[in-house]
Amino acid sequence: MSRPEGPHSNMTYLDHAATSWPKPAPVVDSVARALVELGGNPGRGAHALALSTSRAVFEARRTCSELLGVADSRSLLFQPSCTVACNVMLKGTLRRGDRVVVGSMEHNAVVRPLARLKAEGLKVEIVRADSAGLIDPADVERVVRSGPTRALICQHASNVTGTIQPLGDLADIAHENGAILLVDGAQAAGHLSVDIDSIRPDGYAASGHKGMLGPPGIGLLYLSPELEVAELIQGGTGGGSSASSEMPSHRPDRYEAGSGNTPGMTGLGAAAGLLAEKGDSFREHSSDLMRQLHEGVLDIAGFRVLGPPPEEPRVPLLSIVHKTIEPDRIAFLLDRDYSVAARAGLHCAAWAHESVGSLAGGAVRLSVGWTTQAKDVDRALCALREIVS
Amino acid sequence: MSAVAAERRTYLVLGFATTHQALDAERVLLECGVTAKLIPAPIELGGALCGIALRVPAEKSEEAENCLSRASLPAEATVRMEDY
Ligand SMILES: Cc1ncc(COP(=O)(O)O)c(C=O)c1O
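Here the structure is a predicted model, which is why all the values come from computation and not from measurement.

A word on the overall build of chain A
Counting its secondary structure elements, chain A contains 11 helices and 13 strands. When its C-alpha atoms are laid out on the principal axes, chain A stretches across 70 × 55 × 30 Å. In chain A, which comprises 389 residues, the share counted as buried stands at 58%. Counting only contacts in chain A whose residues sit at least 6 apart along the sequence, the fraction spanning at least 24 positions is 70%. Total accessible area on chain A stands at roughly 15,600 Å², and carbon and sulfur atoms take up 51% of it.

This is how it looks when you write it as C-alpha cells:
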C-alpha cells in the first residue's frame with residue numbers, strides 16, 4: 001500500500017474518520033484529469049469538451065450507484081458534502097407540525113438542521129442509545145407507535161463509538177408505521193459494504209472523502225424515486241429547461257443546480273471503482289488493525305473504550321478515554337512527541353458523547369484506513385503507553 | 001467546398017429531460033446495436049429539454065425507439081430532420 005509523500009510522510013495518520021489520507025492514485029489521477037483534460041461544464045453546452053465532461057460525470061454516478069446498490073443512478077445525487085446532503089434530505093421532506101423520531105447518536109450534520117426545523121415547529125422525539133451507542137429497535141418502535149411519525153432518522157454508523165446501527169430493523173419499523181427512514185451514512189459508506197436496495201432507506205446521505213476515499217468537497221445523496229423532496233437550492237441546471245423560471249422536477253438535475261465540482265465527482269467515481277474491486281480486502285485489513293488496536297488499548301491500564309466490545313462489529317474507529325489524562329492532552333502529546341495524528345474532543349457529536357457518558361471531556365479518537373499498517377498501530381500503542389506511564 | 005453535394009440524409013432526433021438521461025439513452029442504444037450521435041438539442045424539440053439530443057439515422061428510428069422503451073427510457077420528444 002502506498003505511503004503518503006510530502007512533509008507529513010512520516011506521520012502515523014490515525015484520523016481517517018475525519019478524512020481519508022492519502023488518496024489512492026486512481027483518485028488523484030482522476031481529479032488531475034478532470035482539471036487538465038475535462039475542462040468543460042457538464043450539462044452546459046454540447047461541444048466536444050462539454051460532452052466528454054458530461055460523460056465522465058455520468059460514468060462516475062453510475063460507478064457510485066453500482067457500488068452502493070442503487071438500481072437507478074438518477075436517484076443518486078452529487079452534493080458538496082454529506083452535511084449538505086443531510087440538510088437536503090431533512091429540510092426537503094420535513095414540515096412544521098411533522099413529528100420525527102431520531103436516535104441519540106447523531107452528528108451535528110443531522111442535529112443542527114433538526115434544531116432549526118424544531119424552532120420552526122417540527123416535533124422531535126429522541127430515542128436514547130445504550131451504553132455501547134446502539135439504538136434498540138424495540139425502543140424505536142415504541143416511540144414511533146406513540147404518535148403519527150413522518151420520519152425515523154438514524155445514522156448508519158457512529159463517528160464516536162463506531163457502532164453500526166440495525167438499519168434493516170429500523171426500515172421495517174418506519175415503513176410498517178407509515179414513516180420514512182432517513183439515514184446519515186457518513187461513516188459507513190466505503191467502510192461497510194452498503195447496499196441501498198436491500199437497506200431500503202428513503203434517504204441516505206454519504207460522505208465522499210472518508211471511507212469512500214474520494215476527494216474533499218463531494219458527497220452523495222440517495223433519494224428514493226417515490227419520495228417527494230423539495231430542493232434547497234434553485235438555479236441553473238443547463239440545457240433547454242433554461243426557459244422556465246421553475247426548477248425542473250427531474251433527477252438528478254433538480255438537486256444539482258449550479259456548476260458542480262467535476263474533479264470531485266470524477267475522483268469519487270474513481271474511488272468507487274477502486275472500492276468495487278478492493279473494498280473487501282480494505283475492510284478485512286481495517287478490521288484486523290482494529291482488533292490489534294482495540295486489544296492493545298485494553299491492555300493499557302486506565303483506558304476506557306467507548307462503543308462495542310472487541311468481538312462485535314464496528315466501523316474502523318476507536319474512541320478512548322483515560323481515567324486521569326484529558327483527551328486533548330493525549331492527542332497533543334501524540335502529535336507533538338510521536339507524530340501520531342488522532343482527534344480529541346466531541347467530534348461534532350455532543351449528543352453521541354452524552355449518550356455514552358463522555359460529554360464532559362470528550363475522547364481521543366483513533367481511526368485506521370486503507371494505508372494504515374500494523375506497525376502504525378504498534379507505534380500508536382507504544383506512544384499511548386508512554387504518555388500514561 | 002466539395003464539388004459534389006453530399007447526399008442528404010434524414011435522421012430522427014431524440015430529446016431528453018436531462019443530460020443524464022440522454023447519456024443513458026446513448027449507452028442503452030449502443031447495447032441494442034444502434035449508434036447514436038450526441039448533438040446540440042435543436043430548437044425544434046421544444047424548449048423544455050436538456051441541451052443535448054441523440055441523432056439516429058431515419059432507418060434506425062423504430063429500432064431505436066423500441067430499444068429505449070424496453071429500457072424505460074423513452075425520449076421526451078422526437079423530430080425528423082434532414083442533415084442536422
Ligand atoms: C456521522 C457523520 N455525519 C456527518 C458528517 C459530515 O460529513 P462531511 O463533513 O463530509 O459533510 C460526519 C463527518 O465527520 C460524520 O462523522
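Observations concerning the sheet that holds strand E3 (residues 52–57) of chain B
Residue and element names in this part refer to chain B. An order of E2-E3-E1-E4 is seen for the 4 strands of this open sheet, with the pairing classed as antiparallel. Among the strands making up the open sheet, the edge pair consists of strand E2 (37–40) and strand E4 (77–82). For this sheet, the mean inter-axis angle between neighbouring strands, taken without regard to orientation, is 35°. Where strand E1 (residues 10–15) meets E3, 5 bridges bridge the pair, whose relative direction is antiparallel. Following the sheet pairing, Val 13 is matched in E3 by Arg 55.

A look at the packing of aromatic side chains
Tallying each qualifying case throughout the model produces 2 aromatic pairs over all chains. Arranged with centres 5.3 Å apart and planes meeting at 70°, the rings of A:Tyr13 and A:Trp21 form a pair that is edge-to-face. By relative accessible area, A:Tyr13 is classed as buried at 15%. Residue A:Trp21 is classed as partly exposed on the basis of its relative accessible area, which comes to 26%. When the centroid spacing of 5.8 Å and the interplanar angle of 45° are considered together, the rings of A:Phe282 and A:Trp370 count as tilted. You can see A:Phe282 sitting in helix H8 (residues 262–298) and its partner A:Trp370 sitting in the loop between strand E13 (363–367) and helix H11 (374–388), a full 88 residues away along the chain. Both residues of the pair, A:Phe282 and A:Trp370, count as buried. For B:Arg55, the ring lying beneath its charged end belongs to B:Tyr11, and the centroid distance is 3.8 Å.

Brief notes about the environment of A:Ser104
Residues and elements named next belong to chain A. For Ser 104, the location among the structural elements is in the loop between strand E3 (99–103) and helix H4 (108–119). With residues up to four places along the chain from it excluded, the contact list for Ser 104 reads Ile 126, Val 127, Arg 128, Ala 129, Ile 135, Trp 351, Ala 352 and Ser 355. A distance of 2.9 Å separates a polar side-chain atom of Ser 104 from the backbone nitrogen of Ala 129. Here Ser 355 takes part through its side chain, which lies 2.8 Å from a polar atom of the side chain of Ser 104.

Observations concerning the environment of A:Glu66
For A:Glu66, the location among the structural elements is in helix H2 (residues 48–68). The exposure class of A:Glu66 is exposed, given its relative accessible area of 59%.

Some words on the side chain of B:Gln21
Position of B:Gln21 relative to the elements: it lies in helix H1 (residues 19–31). Given a relative accessible area of 6%, B:Gln21 falls into the buried group. Apart from the residues lying within four places of it in its own chain, the contact partners of B:Gln21 are A:Arg74, A:His250, B:Phe16, B:Leu73 and B:Glu76.

Looking at the site of the ligand
Residue and element names in this part refer to chain A. Around the ligand sit Ser 81, Cys 82, Thr 83, His 107, Ala 109, Asn 159, Asp 184, Ala 186, Gln 187, Ser 207, His 209 and Lys 210, and that is every residue in its neighbourhood. At a separation of 2.6 Å, an oxygen atom of the ligand approaches a polar side-chain atom of Thr 83. Here an oxygen atom of the ligand and a side-chain polar atom of His 107 are 3.5 Å apart. If the ligand stood free it would expose 390 Å²; the protein chains cover 88% of that surface. Counted by class, the shell around the ligand contains 3 nonpolar, 7 polar and 2 charged residues.

Calculation criteria
Residue numbers run consecutively from 1 along every chain, following the written order of its sequence. Chains carry letters and ligands carry numbers; both start at the beginning, A for chains and 1 for ligands, and go up in the order they are written. Only residues with pLDDT of at least 70 get local features here, since the model is predicted, and only at 80 or more are side-chain atom pairs given and counted; chain-wide, interface and lining totals rely on the full set of residues. Calculation of side-chain values draws on the structure's entire complement of heavy atoms; hydrogens and water are dropped beforehand. Labels follow the DSSP assignment, with helices taken as runs of H or I lasting at least four residues and strands as runs of E lasting at least two, numbered in each case from the N terminus. Partly exposed residues are those whose accessible area sits between 20% and 50% of the maximum for their type, while under 20% is buried and over 50% is exposed, using a 1.4 Å probe and protein chains only. Should any heavy atoms of two residues lie within 4.5 Å, those residues are considered in contact. Surface accessibility in these figures is a Shrake-Rupley result with a 1.4 Å probe; residues are shielded only by whichever protein chains are displayed. Should DSSP find at least two bridges between two strands, the strands are taken to pair. Fitted lines through C-alpha atoms serve as axes, helices being fitted only where they are in contact, and the angles separating the N-to-C directions of these axes extend from 0 to 180 degrees. The aromatic pairing rule takes the rings of Phe, Tyr and Trp, using the six-membered ring of Trp, and pairs them if the centres are within 6.5 Å, calling planes under 30 degrees apart stacked, those over 60 edge-to-face and the rest tilted. Lysine NZ or arginine CZ positioned within 6 Å of the ring centre and within 35 degrees of the ring normal marks a charge as sitting over the ring. Polar contact is defined as a pair of N or O atoms within 3.5 Å, subject to the rule that within protein one atom must be able to donate a hydrogen and the other to accept it, and that residues adjacent in sequence are counted only when both atoms are side-chain atoms. Distances are taken per atom, and a residue is near a molecule or strand as soon as one of its heavy atoms is within 4 Å of it. Classification convention: Asp, Glu, Lys, Arg as charged; Ala, Val, Leu, Ile, Met, Phe, Trp, Tyr, Cys, Pro as nonpolar; all other residues, Gly among them, as polar.

As far as function goes, none of this settles anything; it's purely spatial.
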